[in-house]
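# Summary of the model geometry
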Amino acid sequence: MQSDRPVDERDLARRASKGDRRAFAALYELHVDAVYRYAYFRLRSDAEADDVTSEVFQRALVAMPRFEPRRPFLAFLYTVARNVIADRFRRARPAASFDEALDRASELTGPEEAAIRSDDARRLRAAIGRLTEVQQEIVILKFIEGRETREVAQLVGKAEATIRGIQMRALAALREVLRGEDLER
Amino acid sequence: MSGTERELEALERDLARYRSIAAPAALRSRVHSEIMGAPAQPLPSRRGAWIAVLRPGLAALLAVALLAGAGGTAAASLPGDGAFPIKRAVEDAQVALTLSDDARLDVLTDQLERRLAELEAVSSQRPGALMVALNEFAAALARVETQSDIVARLEATPARDAALSRAAASAEDHIARLRTLETRLPEAAQPGIERAIDAQQRIGPASPEPPGGSGSPSRPGAVPSARPTIQPAHTDRPSPTRR
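Bear in mind the structure is a predicted one, so any value in this text is a computation, not a measurement.

A separate point is the overall build of chain A. Counting its secondary structure elements, chain A contains ten helices and zero strands. When the 185 residues of chain A are sorted by exposure, 60% land in the buried category. Here the analysis covers contacts within chain A between residues at least 6 apart in sequence; of these, 66% occur between residues at least 24 apart. Of the roughly 7,400 Å² of accessible surface on chain A, a fraction of 49% belongs to carbon and sulfur atoms.

Right under this line is the structure:
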């Protein structure tokens, strides 16, 4: 996790927690893409990923005076992101399923949506959405983000050995979902 | 290497190419502007001791006032009832008026326990309100998770450790009860229950290390630890979301 600049990041976090807006903006630049990818693969549409990314940094900014700078800032952002997404799921229509969301996506028009429809990112996103929450997080953090198992364990809040035990099962589950979709097509 | 292992390695390589997805430029720019333009957040200040004394009293007063105003029915209400929002408002007030982070975790843990009891009641008495009750439970769980995270970062004190232990013990109990619920709930509720179990596992006590500790990876050819350079694998990429 940004291992080439841990000292700078801790200093930025310390300054940001004391109200230094430029320091927070620098932290934002460091991590916005990781937060966006996390939201992108846990949600159904680009618009939702945009909204969640924005909300994560808004909430993080509000919480900064209470942030403990010794903790990795990205771990804090993932916690906020997880909660923002949980809130969205809670507010969503209860009976809405991932399949229904995809059906709605196919009703969209416009060049961007058309591109997304034909893109294998959409297929992957749908497949990830069918995994359990822990499996989703491991697929995103370990295999898409390429983070070390130790780091994933820290970010997810589980023991490293637990993550090591789950990660291949998560990958195998994803393969099964993708394979099932291939058969349906 | 078996065919399955080869397939998984291929999938692993395929997933890595999505690492190039980045926040769209318009979003980056907008959020950056929002950050720089947002009003300053006040730094936490030490409140006077009198506030510490008054807070629990204010919370109780507010709770009594609200509950009396609602004819006392709110406290017994279930998710989906008209009086339930009043019960939630009282609970939110209790959280807002609780002084310390560890005490706040205790309050939120109590509320989570209440949501689970309501979910259990609704599942047997009012199946029509099941998804509402499940969503309320998920929201309470998210609040406990966030607060646990805050408390876990505090300096170790007996109060802090007790609050964390209580949340973890309650999570263990909840997982067992959720698994029981899972067996009798309809399929539509299953993903929600699984997500709740996942979240409770994050709050619960850390899993013990298996024999052999954290030594070797689970299979040969595990993912390299370094983040590889991002290179497009082919042209069929998620281009709309990239810069």
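Turning our attention to the overall build of chain B. Looking only at helices and strands, one finds eight helices and zero strands in chain B. In chain B, the succession of α and β elements from N to C terminus is α-α-α-α-α-α-α-α. Look at the contacts in chain B between residues 6 or more apart in sequence, and 73% of them connect residues 24 or more apart. Counting every atom, chain B has about 12,500 Å² of accessible surface; 60% of that belongs to carbon and sulfur.

Turning next to the pattern of salt bridges. Opposite charge on two side chains lets them pair, provided their charged atoms get close. Taken as a whole and assessed by the stated rule, the structure comprises 39 salt bridges over all chains. Here E29 of chain A and R28 of chain B are joined by a salt bridge, their closest N and O atoms 3.1 Å apart. Of this pair, E29 of chain A sits in helix 2 (residues 21-42) while R28 of chain B sits in helix 2 (residues 25-37), on two different chains. A residue is classified by how much of its surface remains accessible, and R28 of chain B, at 11% relative accessible area, is buried. In this structure, the salt-bridge partner of R125 of chain A is D46 of chain A, at a minimum N-O distance of 3.0 Å. Residue R125 of chain A is located in helix 7 (residues 120-129), and its partner D46 of chain A is located in helix 3 (residues 46-63); the two are separated by 79 residues in the primary sequence.

Low-confidence regions, as indicated by low pLDDT, have predicted coordinates that should not be scrutinised in detail. Residues and elements named next belong to chain A. Scored by pLDDT, chain A comes out at a mean of 80, with 78% of its residues at no less than 70. Every residue in residues 1-6 is under pLDDT 50, and counting partners more than four places away or in other chains gives ten contacts. For the stretch residues 93-118, pLDDT sits under 50, and the model shows 30 contacts to residues farther than four places along the chain or on other chains.

Counting residues in hydrophobic clusters, the biggest one holds 69 residues, and the most contacted among them are F24, F41, F57 and L174 of chain A together with L15 of chain B. With 14 residues, the single largest contributor to this core is helix 2 of chain A. Discounting chain neighbours no more than four positions away, the residues touching F41 of chain A are A121, L124, R125, I128, I140 and I144 of chain A together with Y18 and I21 of chain B. Grouped together as the second largest cluster of nonpolar side chains are 32 residues, V122, F137, A167 and A199 of chain B included.

Structurally, E91 of chain B can be placed in helix 4 (residues 84-96). For E91 of chain B, the residues in contact, after removing those within four places along its chain, are Q111, R114 and R115 of chain B.

All names here are of chain B. By the secondary structure assignment, S170 is in helix 7 (residues 158-184). Owing to a relative accessible area of 15%, S170 belongs among the buried residues under this scheme. Put simply, S170 and Q200 are 30 residues apart on the chain and 8.9 Å apart in space, counted from C-alpha to C-alpha.

Residues and elements named next belong to chain B. Mapped onto the fold, R177 is located in helix 7. A relative accessible area of 19% means that R177 is categorised as buried. Of the polar contacts made by the side chain of R177, one reaches the side chain of E120; its length is 2.9 Å. Looking at R177, its side chain comes within polar contact range of the side chain of D173, at 3.0 Å. Apart from residues lying up to four places away in sequence, R177 is in contact with E113, L116, A117 and E120.

Another aspect to go through is the confidence of the model for chain B. Residue and element names in this part refer to chain B. Here chain B averages 73 in pLDDT, and 69% of its residues register 70 or above. Per-element mean pLDDT across chain B ranges from 58 in helix 3 (residues 49-69) up to 90 in helix 5 (residues 101-125). Across residues 45-50, where pLDDT falls below 50, the model places two contacts with residues more than four positions away in sequence or in other chains. Segment residues 207-243 is flagged for pLDDT under 50; beyond a separation of four residues in sequence, or across chains, it makes 71 contacts in the model. We note a pTM of 0.52 for the whole complex and an ipTM of 0.78 for its interfaces.

The next thing to look at is the packing of aromatic side chains. Residue and element names in this part refer to chain A. For the structure shown, the criterion picks out ten aromatic pairs over all chains. A centroid spacing of 4.8 Å and a plane angle of 85° characterise the contact between Y28 and F57, whose relative ring orientation is edge-to-face. Note that Y28 is positioned in helix 2 and F57 in helix 3, a separation of 29 residues in sequence. Residue classification places F57 among the buried positions, given a relative accessible area of 0%.

For the rest of this paragraph, the subject is the packing of helix 5 of chain B against helix 7 of chain B. Two numbers describe a pair of packed helices, the interaxial angle and the distance between the axes. Residue and element names in this part refer to chain B. Here helix 5 crosses helix 7 at 10°, and the two axes come no closer than 9 Å. One finds that helix 5 runs roughly parallel with respect to helix 7. The handedness of the crossing between helix 5 and helix 7 is left-handed. Here the contact of helix 5 with helix 7 is composed, by residue class, of eleven nonpolar, four polar and ten charged.

Calculation notes
Residues numbered from 1 in each chain as written. Chains lettered and ligands numbered in written order. Predicted model: local features only at pLDDT ≥ 70, side-chain atom pairs only at ≥ 80, totals over all residues. Heavy atoms only, no water. Helix = DSSP H or I, 4+ residues; strand = E, 2+ residues; numbered from the N terminus. Buried < 20%, exposed > 50% of the residue type's maximum accessible area, 1.4 Å probe, protein only. Contact = heavy atoms within 4.5 Å. Areas by Shrake-Rupley, 256 points an atom, 1.4 Å probe, with all protein chains shown as cover. Salt bridge = Lys/Arg side-chain N within 4 Å of Asp/Glu carboxyl O. pLDDT = per-residue confidence, 0-100. Core = buried A, V, L, I, M, F, W, Y, C linked by side-chain atoms within 4.5 Å. Polar contact = N/O pair within 3.5 Å; in protein donor to acceptor, adjacent residues only side chain to side chain. Phe/Tyr/Trp six-rings, centres within 6.5 Å; stacked < 30°, edge-to-face > 60°. Axes fitted to C-alpha atoms, helices over the stretch in contact; angles between N-to-C directions. Parallel < 35°, antiparallel > 145°, perpendicular 65-115°, else oblique. Left-handed = near helix turned anticlockwise from the far one by under 90°. Nonpolar A, V, L, I, M, F, W, Y, C, P; charged D, E, K, R; others polar.

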